[in-house]
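Coordinates in review
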Amino acid sequence: MSTYDEAIKKYDPVLGLETHVELSTNSKMFCGCSTEFGAEPNTQTCPTCLGLPGSLPVANAIGIESTIRIGLALNCSIAAYSRFARKNYFYPDMPKDFQTSQYDEPLCSNGYLDVLVDTEDGTKPFRVEIERVHLEEDTGKLTHAGGTTGRIHGADYSLVDYNRAGIPLVEIVTKPVPDTGEYAPLVAKAYVTELRDLLRGLNVSDVRMEEGSLRCDVNLSLTPKGSKTWGTRTETKNVNSLRSVERAIKSEIERQSLELDKGNIIKQETRHFQEDTGTTRSGRSKEVAEEYRYFPEPDLVPIAPDKAWIEKLKKDLPEQPSIRRTRLAKEWNFTDLEMRDVATLGGVDLIADTIAQGTSPASARKWWAGELSGHASKAGVELIDLKITPTDIARIDALVNDGKLTDKLARQVIEAVLNSEGNPDEVIKKRNLSVVSDDSALIPAIEEAIAANPDAAAKIREGKVQVVGVIVGAVMKTTGGSADAAKVRELVLKTLGQ
Amino acid sequence: MSRITREEVANLARLARLDLAESELDEYAQQLEIILESVAKVGEVSTKDVKPMSHATGLVNIFREDITKESLKREEILRSAPASEDDRFRVPRILDEE
């Protein structure tokens, strides 16, 4: 029996997830600096986000509105009165020496998100309850210099880029989720997937795990079967892909069960997920309770959302992702299973956008869920992170339908687009990839193939047309797949008097 | 009766990254004691009818539009930093945190 199966036989996992979402506002939360990703270091800072004396923050209206919309979409109650708080700590990722956050008065609380998980007894719903949704600001980015590992141990000093400091960050905290048993890793993954789709539907964030606009911390504890007291939990940080969410929980269940089996106790600590091994590594110990000395932020006035405003935001919420998926599956003629696969891949919007540009639903699904998902998983990224757009796919599909590309050539074009060689038309031109349907270009290859296969040629001349595949195959091989097979077949038959 | 103990002063010093000598703990405990006593006087005022507040103006919902403004020039901000390298602020490493 695997370590995991044994762990699940003896212990009940209780999981919890803290998800940080960077909002896609134009400007930072409390100042007018741009939030654009990928800018030169320290080019998006000002006296307010650098915490210079005399500067005063003012809250970004869209930041507040987006947070309330997220809360509403997660079935939360919206606070009638909410305040920002200072979370005080000394670490150079915040130039102010505190982070503006929320403490005992979050904007949203007590919600839930339902997710579906495939179990041995079929698809089962799990409810993940939401403790709170609050608004804070992101921190700067540290690079540890010197040393060799890039981690802080062994580093001589750190370099800080404050472009990210002050970008609105929404923290979504679940309540502890018990009773998921062996499905704990899948429930966690389904939750983050569903949350990502919900946030994308709300259009409040890019939700790109690769770029860090959606980040996950995973809490996990094990309770011996039959016991009523939950075990000590660990918090695993740096879990930055959907697959990692699943792996981190699985590996933490295995690690904790082995420790408990040995009679050791689980230390309350922060652990770090390591992408390469799929395991967690011990980080900061939490034996000394963190003391952030929170207090209400005196430079920002409280938020008292108007009831009518909340009602309006609620009314204007987009269709829930699960309801939308059901509707689209019907529209696109996808089975439940096909739709769920597409959703897990994060491909619903990509397929919708591709269809909107004229591609048939079946083809759009074939390209994204069949062809591109392989590229994504090989590269260890999400579909949406691939350097190819629905426009590119719609174009490639149209070229295939017009007989200008074979499936094989289309795959080459896709690969080239993924390698940033240009858009499909540019790639086709540069690599000279169009289908050879010009008869004169095909004739030499056909003659060569006939000469190389005299037996087959003789049979065709006698009327045994079914062996034509041998010669067509040979032609396709010499032309490197760039010929239109139907056209070749026609020409071969014509040449052989059929 | 002393409201603040040596241990509390030591913990505050740790949080504030202050390196206090043993002898200083008593000294600061006494000084903090005087400060706390002075602040405690505020508690003598009758505030039965006053709601707790964190802001003196009584205003709520003051927001700004989501519009970008020009940021500071990088040269300018790095010039004020004690040390910089590679267009970034250079800071001492901090142990045991990540």
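All of the points below concern the structure found in this document. (Residues numbered from 1 in each chain as written. Chains lettered and ligands numbered in written order. Predicted model: local features only at pLDDT ≥ 70, side-chain atom pairs only at ≥ 80, totals over all residues. Heavy atoms only, no water.)

Re the packing of aromatic side chains
If you walk through the whole model with that rule in mind, you get 6 aromatic pairs over all chains. Each member of the aromatic cluster is reached from another via a ring pair, and the members are Y89, Y103, Y292 and Y294 of chain A. The ring of F334 of chain A has R365 of chain A lying over it, and the distance from NZ or CZ to the ring centre is 5.6 Å. Here the guanidinium or amino end of R90 of chain B rests over the ring plane of Y157 of chain A, the centre of that ring lying 3.4 Å away. (Phe/Tyr/Trp six-rings, centres within 6.5 Å; stacked < 30°, edge-to-face > 60°. Lys NZ or Arg CZ within 6 Å of the ring centre and 35° of its normal.)

Examining the pairing of strand β13 (residues 269-274) of chain A
Residue and element names in this part refer to chain A. Counting buried positions along β13 gives 5 out of 6 residues, so the element sits mostly inside the fold. Bridge count for strand β12 (residues 234-239) against β13 is 3 bridges, and the pairing is parallel. Opposite T236, over in β13, you have R271 as the bridge partner. (Buried < 20%, exposed > 50% of the residue type's maximum accessible area, 1.4 Å probe, protein only. Helix = DSSP H or I, 4+ residues; strand = E, 2+ residues; numbered from the N terminus. Pairing = 2+ DSSP bridges.)

Let's talk about helix α4 (residues 242-261) of chain A
All names here are of chain A. Helix length check: α4 (20 residues) gives 29 Å between terminal C-alpha atoms against 28 Å at 1.5 Å per residue, within 8%. When we look at burial in α4, the residues that qualify are L242, S244, V245, A248, I249, S251, E252, I253, Q256 and S257. Just beyond α4, the residue with positive phi is G263, at close to 85°. (Expected span 1.5 Å × (residues − 1).)

Section: the nonpolar core
Residue and element names in this part refer to chain A. Core analysis: the largest hydrophobic core is formed by 63 residues, its most contacted members being I70, L74, I172 and Y191. Ranked by the residues each element gives to this core, the list is headed by helix α3 (residues 184-202), at 10 residues. Here L74 is in contact with G111, Y112, L113, I130, V133, I172, L195 and L198, once residues within four sequence places are set aside. (Core = buried A, V, L, I, M, F, W, Y, C linked by side-chain atoms within 4.5 Å. Contact = heavy atoms within 4.5 Å.)

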